[in-house]
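Chain by chain, the residues run as shown.
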Amino acid sequence: MSEAGQDGSMPEEGRRPEGRGRRAAPRRSRRHRPETGPTAAGPEQTGPGQTGPGQHPHDARDEAPPEPDATLQLKVGSLPESDATLQLKVGSLPKPDAAAPKPDTAAQPPDATMQLRVVKPQSEAARRAEGRGGRSGARDGRRRAAPPAAPAGRVPAALAAVTARLAPYTRRLAPYAQRLAPYARRLIPAYPRPGRTGWRRWIPSWRQWLGGVLAVFGLSTVFLTVAYAATDIPSDLNTFATQQDNVYFWSDGTPMARTGWVQRQAMPLKDIPEHVRWAVLAAENESFYSDPGISLKGITRALVRTVGEGDTQGGSTITQQYVKNVYLTQNRTVGRKFTEAMIALKLDNRMSKDKILEGYLNTSWFGRGTYGIQRASQAYYGKDVTKLNASEAAFLASLLKGAGLYDPSLGKANHQRAVERWSWILDRMVKIGKLSPAERAKYTKFPEPLKQYRPYDTGKQSDYLVELAAQYVKKAAHISDQEFDRGGFQIYTTFDRKREAALTDAVTKARKQGKKNHPALARSAHYGAASVASDGRILAVYGGPDHRVQGYNESNATTVPAGSAFLPFVYAAGLQHGVVKKRDEPRQQVTPQTVYDGDDGVPVTTPEGPYWDRSGRKVAAHNDDGKSWGPITLHRALAESVNTPFMQLGMDTGLDKVKQTALAAGLLPSSMGPQVPDLSLGSSTPSAIRMASGYATFAAQGLHTEPYSVRRLTRNGSTVHLDTPRPRRAVRAEVAREVTAALTDSFRLHHAAAPFGAGLVAGKAGTNDKDTASWYVGTDRAVSTAVVVYRIDLAKSLEPLPLKGLAGTTADSVPYGIWEGAMSPSAEPGARTARTQPTPLAE
């Protein structure tokens, strides 16, 4: 350690101007006040007149201390150990205005000796703690001592090794860092900015703005470069590009049908006409051949809509759409959009534009179950893509924006959107020079596509089963048309293979017989039939002769009235709710033995009196053939199919209660007739499926389960959840048993020789006064089957026509013959033809 000169003067190199010394000394004094100086506290402090350890006796003389505001210089050769106490001898300094004395040691005043304590270095955390302690100490008058810093030996060896390795590089970069330091300091914002007033104090300078922009740009460039290098083009195509078929299975697990365009017909780009290609490019990405594979403007717009509005609008180039189709999922997320852009950039550098366009045209979804431009051309225009003109190509290009919005066959709004989009695409083709104005002038009429397109039309009855099951799956599993058309589903239906074959054979024979006996009437004849189990499973349906010719399903059509087949619902309503004979009286219980007037032409009454129609005439009920039965119990009236008691029973029970019971049993609100007396005689128009389901409710002890056609659904082996219907109470169990008992007697009365077990079959025929429909609905072994025969000339109107004997007679009913063939497929033909006279029921 070197000391100050004995003469109190400083070496020349240690002197500083007085101004600087005055400014710097207070900061040094405040910083080191606890450790140094004559006023330092602690047991090691030595003041005037005191002798410290190792101090010469004559150094303790009472002499004047150094002048204030003096600048000292201390040079230490080597750092002593922590907590070591050193001595510092300071000679008296001259006053600022005194001349420097000559170096004469004899003339110098005695020296003052002080002690200097070297303390342990503090860590950053300790200094913070000390600062907090100092502030709190100011409040309570005490200063907290900072905790000792961790010894240097606790620094991890790994950190020391890293520091040693980086040392050569830091030494090399040090000169550059020193040069850049002044500029970097200028970029560091100082808030509030000195030399500014008001709000300008908080505004960064242009240098700081420029530095921030350059920093963001640099970081973004580094991030995108790393992301581009880290993104790989997937080696496997996804399921959108390798679309599978949907497989339908019978209830026994054997395959029933396959749908979907599994045999994808990939069209080479050279076979796709140029005007078809440019129609797509004009609609989706006119700069396809010049862009780098992505559109920054489109991506920004898509991100704003995805994050801000949740919209599904895209903003992708054709390259990005192709990447989405064959490599990624259809999820609209920011992460998927970023990955799509990175892959598109890399794919654009590795694959030719023509190859990308070819892949895009062969993998895009066009609706109607089709992927690819070739299948779309066949689905919408019934011809190959090579035969499309520019107008038809423009319409197909419009479907890429969303087939569910632009397929004209789906509604008037769709048709209007399709026309507008089609016209816009043709105008775009003219604008980009790919269609001449003269040729554009030729296309003024919208090229209407085919109305319907059924990829599973095979001409077999299974086409109707597939349609029914597909509709149910989409609803019960919440699957969109587009998702379902991608395929890969295994649909395990409830259809019984043997029952379906028996029902189809029975209807086919009836059709042939009708053409033979009534050739003129048979041309407008329709046959609908369905078998439904008591637990809701649809076991078999007959939808029509050929799905390719008749697209609608006759088993599910609500076209003709139920007639007297509706009487069991009226009977159940009376037993369930009771009747009201007079106003303000409580409801009275009804039993099977309750007697009503069974005569023909009996006026219908209400608690207020006779029921009058709008023409001012009393409404009266009529029986088949005008027969009067006199007083008759409700049980026998249902067995004998007497109408008049049930029209009056409906009025006594309340037509609202009748409707409520019918709906609870399984009929649809849309098929219910108006609430007038004719409601009880079957003015409602339920489908065959719903009639069978309603009768199955009585066989299930009053529990109703909505009819369903799919029991299990998987996709590539993984189970897909279905909202399977659950049973619910429709009527009381005793009410259902009584209705079934009456229907059992009805079947035994009219078909005593039928080849069925005694007491196991319940059924009833249904007719109406206009002879526009003939029904038979019956239950055997917890399976209900409903058959309806009617006539409608679809070329003229949807109004039902009289049957005129086409449905047979009461003794030889065509609907019953179909029902019998469907319900007893193992019975011998001869056993089903025997008939006996009805046996009267005992009261």
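In case you missed it, the structure is sitting above this.
In this report, the structure presented in the accompanying data block is examined. (Residues numbered from 1 in each chain as written. Predicted model: local features only at pLDDT ≥ 70, side-chain atom pairs only at ≥ 80, totals over all residues. Heavy atoms only, no water.)

1. Some words on the pattern of salt bridges
For the record, the criterion: Salt bridge criterion: a side-chain nitrogen from Lys or Arg within 4 Å of a carboxyl oxygen from Asp or Glu. Helix and strand assignments follow DSSP, with helices taken as H or I runs no shorter than four residues and strands as E runs no shorter than two, numbered in order from the N terminus. Exposure classes here rest on a 1.4 Å probe applied to the protein chains alone. A residue is buried below 20% of its type maximum, exposed above 50%, and partly exposed in between.
Across all of its chains, the model carries 20 salt bridges by this definition. Put simply, glutamate 286 and arginine 428 hold a salt bridge, and the shortest N to O gap is 2.1 Å. Of this pair, glutamate 286 sits in the loop between helix 5 (274–284) and helix 6 (296–309) while arginine 428 sits in helix 13 (residues 412–431), and the two are 142 residues apart along the sequence. Looking at glutamate 286, the relative accessible area reads 38%, which means it is partly exposed. Since its relative accessible area comes to 18%, arginine 428 is described here as buried. One salt bridge in this structure joins glutamate 483 and arginine 715, with 2.4 Å as the shortest N-O distance.

2. With respect to the nonpolar core
The tendency in soluble globular proteins is for nonpolar side chains to be buried as a group. Keep this limit in mind: In these notes, a set of buried Ala, Val, Leu, Ile, Met, Phe, Trp, Tyr and Cys residues joined through side-chain atoms within 4.5 Å is what counts as a nonpolar core. Contacts between residues were defined by any pair of non-hydrogen atoms, one from each residue, lying within 4.5 Å.
If you look at the biggest cluster of nonpolar residues, it comprises 79 residues, and the most contacted ones within it are Tyr248, Ile491, Phe566, Phe569, Phe646, Met691 and Trp775. With 8 residues, helix 15 (residues 462–476) is the single largest residue contributor to this core. Contact partners of methionine 691, with chain neighbours within four places excluded, come to Ala562, Ala565, Phe569, Pro686, Trp775, Val777 and Ala786. Ala283, Leu396, Leu400 and Trp422 belong to the second largest nonpolar core, which has 52 residues in total.

3. Some remarks on the sheet that holds strand 17 (residues 710–715)
As a reminder of what qualifies: Note on pairing: DSSP must find at least two bridges between two strands before they are called paired.
An order of 4-3-7-17-18 is seen for the 5 strands of this open sheet, with the pairing classed as mixed. Of all the strands in the sheet, just strand 4 (255–259) and strand 18 (718–719) have a single pairing partner and so form its edges. With 5 bridges connecting them, strand 7 (residues 489–493) and strand 17 associate as antiparallel partners. Note on strand 17: the bridge partner recorded for threonine 493 is valine 710.

4. Re the packing of aromatic side chains
Inclusion rule: Two rings belonging to Phe, Tyr or Trp (six-membered ring only in the last case) form a pair when the distance between their centres is within 6.5 Å. Interplanar angles under 30 degrees mark stacking, angles over 60 mark edge-to-face geometry, and anything in between is tilted.
Summed over the entire model, instances satisfying the criterion amount to 19 aromatic pairs. Note on phenylalanine 288 and tyrosine 289: the rings are 5.0 Å apart at their centroids and 75° apart in plane angle, and the pair reads as edge-to-face. Overall, tyrosine 289 belongs to the partly exposed group, its relative accessible area being 37%. Ring geometry for tyrosine 571 versus phenylalanine 646: centroids 6.1 Å apart, planes at 80°, classification edge-to-face. Here tyrosine 571 is found in helix 19 (residues 567–577), whereas its partner phenylalanine 646 is found in helix 21 (residues 644–653), with 75 residues between them in sequence.

5. A closer look at the pairing of strand 17
It is a general feature of regular strands that their side chains alternate between the two faces of the sheet. Pairing between strand 17 and strand 18: 2 bridges, direction antiparallel. Residue pairing for strand 18: threonine 714 is matched across the bridge by threonine 719. Between the antiparallel neighbours strand 17 and strand 18 lie 2 residues, among them asparagine 716 with a positive phi of about 55°.

6. Comments concerning the packing of helix 19 against helix 22 (residues 655–665)
Under the convention used in this document: An axis is simply a line fitted to the C-alpha atoms; with a helix, the fit covers only the stretch in contact. Between two such axes, the angle follows the N-to-C directions and lies from 0 to 180 degrees. Roughly parallel refers to an angle under 35 degrees, roughly antiparallel to one over 145, roughly perpendicular to one between 65 and 115, and oblique to any angle outside these ranges.
For the pair helix 19 and helix 22, the least separation of the axes is 9 Å and the interaxial angle reads 110°. Considering the angle they form, helix 19 stands roughly perpendicular to helix 22. Side by side, helix 19 and helix 22 meet where Phe569, Val570, Ala572, Ala573 and His577 of the first sit next to Lys657, Val658, Gln660, Thr661, Ala662 and Ala665 of the second.

7. Section: the sheet that holds strand 21 (residues 773–780)
If you walk across this open sheet you meet the 5 strands as 9-8-22-21-20, and the pairing is antiparallel. In this open sheet, the two edge strands, each paired with only one partner strand, are strand 9 (538–542) and strand 20 (761–767). Averaged over all neighbouring strand pairs, the angle between strand axes comes to 10°, with direction disregarded. In terms of strand pairing, strand 8 (residues 525–533) meets strand 22 (residues 783–791) through 9 bridges, oriented antiparallel. Paired with valine 532 across the two strands is serine 784, which belongs to strand 22. Packing against the sheet, helix 23 (residues 688–699) makes contact with strand 8, strand 9, strand 20, strand 21 and strand 22, and its axis sits at approximately 35° to strand 8.

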